[in-house]
Amino acid sequence: MPNVDNATITKLYDPSIVSLSGGVTLAGYFDDHPLGATYQAADTLVSHRRWYNAGAALTQYLHCRTGTVYVRVGNVSTADVSGWAWVQTGATTLPFGWRKLFDSSSLELADLTRLGVARAGDNADIVSMGKLTSIASSVKMAANLEVASSIQANYRMGIMRANDYEAYMSFTSRVGTVSAANLPSALTSMGNMYFRVANTLTDTDPHAGRALGGLSSAIHPAGEGVMRMDARDETGTIKARIICDGQNDMVQIANGVLRPESGISLSSSNTNSVIRGKNDAVILRDHNNGNTTLAASLKEAGSLTGGTLYIGYNRPEANIFTSAVSIDSPVTVNETMKVVKDATFVSAMTVAGGLTLNTALPVSSGGTGAKTATDALKNLGGLPSNGTAVAATKLATARKIAGVAFDGTKDIGISAANVGAYPQSGGNVGGYVNATYLSATQPANPGKEVQGTFIGWNETNGQGESHFINNRGGGVGGFTFRTVNSNNTQQTGYVRFNGVGDLNAQGNISADTGGVYEMGQRVYSPNNRQPVNTNTANLGGGWWRCGDTGMIKQWGYVNKGSRGWSTVNFPIPFPNACANVQVTVVNGGGGTFVDNFGTAQIINNIGFTCGQDSNGSYWEATGW
């Protein structure tokens, strides 16, 4: 099939096309395309031409990649630029004489009839797509078939096939109603399928058109699906329903009775895999650890009161009888267990609550032969609760309790020493004491001439402190906090306070945020230098301290306005001594140097006396 060169041919009625009887392949843009000149065609065009002179006619079929077929018919004409007078009939005409012949994405009854798929004469009620009841062959759909009302089938339904092996039928909600981008806010129905008795029977038939059952689907707000399958009785009422819930991972029998013939398997890996009874109560659960719960249903919805769980329950009216119930493992009864008839326990039975027997267990079988405690004591030769044994006044052989002899004839007294306890007034521990914690609530009171370490708590008006007191006796006293290795064979460190308050440590002494003081004075070292502080450095006075050596330099200017002596106070006192004071005369100008002088005398840590002329002097002092 030849290709049309869109670079030179832009009209579908181009003579190079219509002169050919047959098909051509289109690729590009054509001015007289039924979908417009801006539509990019990738289509097939078939042209049939009759004659070439007067009386010539042209028929063109355009097969679009959208699944739509267009047709146009024209007669030769000199009145139109195309050379053809297009015959336009019907309400579906398009520009340039085109008319849509078939659209696989939007089938109508006329389309199917035209294709020979539907034969309207076979059934008198085929008057619309809603009444399509006969399909002569098959229809292949490139897209979806959308039905406005319904499709009815008396005997068969169409089956969609993905391939030669898989068959399925798909029902999809209308676009814009529910979609992945438009989920509902509540559980919403997505569609229903009903199976009915044919309505072609006589009008007097009460079952005509009656629903036998159906399938329905719904969607949760989060997108999970729900499928329901139900069966109805002769009146159309739902009698049995199975619900498959994708949100809760659950299959629920909403109505009817489950009668499995091949067993029921629970998924032990899914905690929601249970069997529920009345009021949504879990009556059977596999805990995935070897344990299984079997319980009765709830009496009332929302309550915590359950009914009675019957094992081997006989119902004569239902013709159900149980000959025996066998329990091969130990049975634990937490409340009350009632045995109506006979019960044989091969293994052990543990009863946490009460046990009531209708028939007494004979003594020969390990029982008491009685139904009451009084009769049981009598049968077993036991004493009643208020009875007295013949030899109960005194023990035949005295026994010791905590080292004190007891024969039953009199009370005995047991002291703390008898049981190795400490008296309430206190005592001495001869060995190690292991305790989670020790607490002292009273002041430490070592007493007189009692050497040792004492721990106490001293409190006055709600304010208190812990006391660690060392009574050194005749020694030097003190405290040593020592660490040793795991074998307690080698010392690894210690901190010691001696009896006069000296502190000594094997390792370093660190102060996180404070400092070390001696006689109230902060102590510094080369590795912990004293901060360098300076006053405002100006001619009026200032000072500077060397952080390495502690040397201090101070300076200033003095001028009393006339010749004489002036008292100078240093900006800061020298902590130790002033070593030197230098005085420099300020010259008032001119060439005369008579009486220009500056002297220093009476020097101490806080200042000196300066002699100066009328123009003043600069001074500098050094010390530490």
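Preceding this paragraph is the structure being described.
Residues numbered from 1 in each chain as written. Predicted model: local features only at pLDDT ≥ 70, side-chain atom pairs only at ≥ 80, totals over all residues. Heavy atoms only, no water.

Participant: Looking at this model, I keep getting lost on the overall build of the protein chain. Mind explaining?
Facilitator: Across its full length, the protein chain holds 3 helices and 34 strands. In the protein chain, which comprises 624 residues, the proportion classed as buried is 19%. Of the contacts formed within the protein chain by residues at least 6 apart in sequence, a portion of 30% connects residues at least 24 apart. Of the roughly 44500 Å² that the protein chain leaves accessible, carbon and sulfur atoms contribute 51%. (Helix = DSSP H or I, 4+ residues; strand = E, 2+ residues; numbered from the N terminus. Buried < 20%, exposed > 50% of the residue type's maximum accessible area, 1.4 Å probe, protein only. Contact = heavy atoms within 4.5 Å. Areas by Shrake-Rupley, 256 points an atom, 1.4 Å probe, with all protein chains shown as cover.)

Participant: Please clarify how the sheet that holds strand β32 (residues 598–601) should be interpreted in this entry.
Facilitator: Sheets are built from strands paired through backbone hydrogen bonds, the pairs being either parallel or antiparallel. The antiparallel open sheet is built from 3 strands, whose spatial order is β30-β33-β32. Strand pairing shows two members of the sheet lacking a second neighbour, β30 (564–569) and β32, which therefore form its edges. Taking each pair of neighbouring strands and ignoring which way they run, the sheet shows an average axis angle of 30°. (Pairing = 2+ DSSP bridges. Axes fitted to C-alpha atoms, helices over the stretch in contact; angles between N-to-C directions.)

Participant: What is the right way to read a nonpolar patch on the surface from this model?
Facilitator: A surface patch of nonpolar side chains, about 690 Å² in accessible area, is lined by Phe195, Leu212, Leu215, Met227, Met229, Ile242, Val251 and Ile253. Checked against the element boundaries, Val251 lands in strand β13 (residues 250–255). Under the relative-accessibility criterion, Val251 is labelled exposed at 61%. (Patch = residues over 30% accessible without salt bridge, like charges linked within 9 Å, V, L, I, M, F, W, Y side chains within 5 Å. Salt bridge = Lys/Arg side-chain N within 4 Å of Asp/Glu carboxyl O.)

Participant: Sorry, what's going on with the side chain of Thr622 here?
Facilitator: Tracing the backbone through its elements, the reader meets Thr622 in strand β34 (residues 617–623). Using a relative accessible area of 18% as the deciding quantity, one classes Thr622 as buried. A polar contact of 3.1 Å, which involves the side chain of Thr622, links it to the side chain of Lys553. The residues touching Thr622, leaving out its near neighbours within four places in the chain, are Met551, Ile552, Lys553, Phe574, Cys578, Ala579 and Asn580. (Polar contact = N/O pair within 3.5 Å; in protein donor to acceptor, adjacent residues only side chain to side chain.)

Participant: When you look at the sheet that holds strand β29 (residues 552–558) in this model, what are you seeing that I'm missing?
Facilitator: The strand order across the open sheet built from 4 strands is β28-β29-β34-β31, with neighbouring strands paired in antiparallel fashion. Each end of this open sheet is capped by a strand with a single partner; those strands are β28 (542–545) and β31 (578–585). On average, each strand axis in the sheet is tilted by 15° relative to the strand beside it, whichever way the strands run. Sheet topology places β29 next to β34; 7 bridges connect them, and they run antiparallel. What sits directly across from Trp555, in β34, is Glu620.

Participant: Looking at this structure, how should I read the pattern of salt bridges?
Facilitator: One side chain can pair with another of opposite charge once the charged atoms of both are near each other. Evaluated as defined, the whole model comprises 5 salt bridges. Note that Lys11 and Asp31 form a salt bridge whose closest N and O atoms lie 2.7 Å from each other. Placement of the pair is Lys11 in the segment before α1 (15–18) and Asp31 in the loop between β1 (22–25) and β2 (44–50), with a sequence separation of 20 residues. On the basis of relative accessibility, which here comes to 35%, the residue Asp31 falls in the partly exposed class. For the salt bridge of Lys553 with Glu620, the shortest nitrogen-to-oxygen distance reads 3.7 Å. Residue Lys553 is located in strand β29, and its partner Glu620 is located in strand β34; the two are separated by 67 residues in the primary sequence. Because the salt bridges share partners, they merge into one network encompassing Asp230, Arg232 and Arg241.

Participant: Looking at this model, I keep getting lost on the pairing of strand β12 (residues 238–245). Mind explaining?
Facilitator: Put simply, side chains in a regular strand alternate between the two faces of the sheet. Summarising the sheet, strand β11 (residues 225–232) and β12 pair through 7 bridges and their orientation is antiparallel. By the bridge assignment, Ala231 is partnered in β12 with Ala240. The turn joining β11 and β12, which pair antiparallel and follow one another in sequence, is formed by 5 residues; a positive phi near 90° is taken by Gly236.

Participant: I would appreciate a short explanation of the packing of aromatic side chains in the present structure.
Facilitator: The way to describe two aromatic rings as a pair is by their centre distance and the angle between their planes. Applying the stated rule across the entire model yields 5 aromatic pairs. An angle of 35° between the planes, with centres 6.1 Å apart, marks the rings of Phe570 and Phe608 as tilted. With Phe570 in the loop between β30 and β31 and Phe608 in strand β33 (residues 607–612), the pair connects residues that are 38 residues apart, well separated along the chain. Overall, the relative accessible area of 2% leaves Phe608 in the buried class. Their ring planes at 45° and their centres at 5.7 Å tell us that Phe570 and Trp619 sit as a pair that is tilted. Taken together, the residues Phe570 in the loop between β30 and β31 and Trp619 in strand β34 connect sequence positions 49 residues apart. Here Phe570 matches Trp619 in class, with each residue buried. Three or more aromatic residues joined by ring pairs form one cluster here, namely Phe570, Phe574, Phe608 and Trp619. Its end group placed over the ring of Trp86, Arg72 keeps NZ or CZ at 4.0 Å from the ring centre. (Phe/Tyr/Trp six-rings, centres within 6.5 Å; stacked < 30°, edge-to-face > 60°. Lys NZ or Arg CZ within 6 Å of the ring centre and 35° of its normal.)

Participant: Please explain the pairing of strand β23 (residues 478–484) as it appears in this structure.
Facilitator: With 7 bridges joining them, β23 and strand β24 (residues 491–498) adopt antiparallel strand pairing. Paired with Phe479 across the two strands is Phe497, which belongs to β24. What sits between the antiparallel neighbours β23 and β24 is a turn of 6 residues, in which Asn488 has the positive phi angle 60°.

Participant: Where do I start with the environment of Leu377 in this structure?
Facilitator: As for its placement among the helices and strands, Leu377 is situated in helix α3 (residues 373–380). The contacts of Leu377, once residues within four sequence positions are left out, are Gly382, Leu383 and Pro384.

Participant: Looking at this structure, I do not really get unusual backbone geometry. What am I missing?
Facilitator: Apart from glycine, the bulk of residues carry a negative phi angle, and the bulk of peptide bonds sit in the trans form. The phi dihedral of Asn461 falls on the positive side, at around 55°, and the residue is not glycine. Its location among the elements puts Asn461 in the loop between β21 (452–460) and β22 (463–471). For Asn488, which is not glycine, the phi dihedral falls at a positive 60°. By the secondary structure assignment, Asn488 is in the loop between β23 and β24.

Participant: How do you make sense of the environment of Gly464 when you look at a structure like this?
Facilitator: By the secondary structure assignment, Gly464 is in strand β22. Take Gly464: its relative accessible area is 40%, and that puts it in the partly exposed class. Remark: the alpha-carbon pair of Gly464 and Pro443, spanning 21 residues in sequence, is separated by 10.0 Å.

Take it as geometry only, folks, not as evidence of what the structure does.
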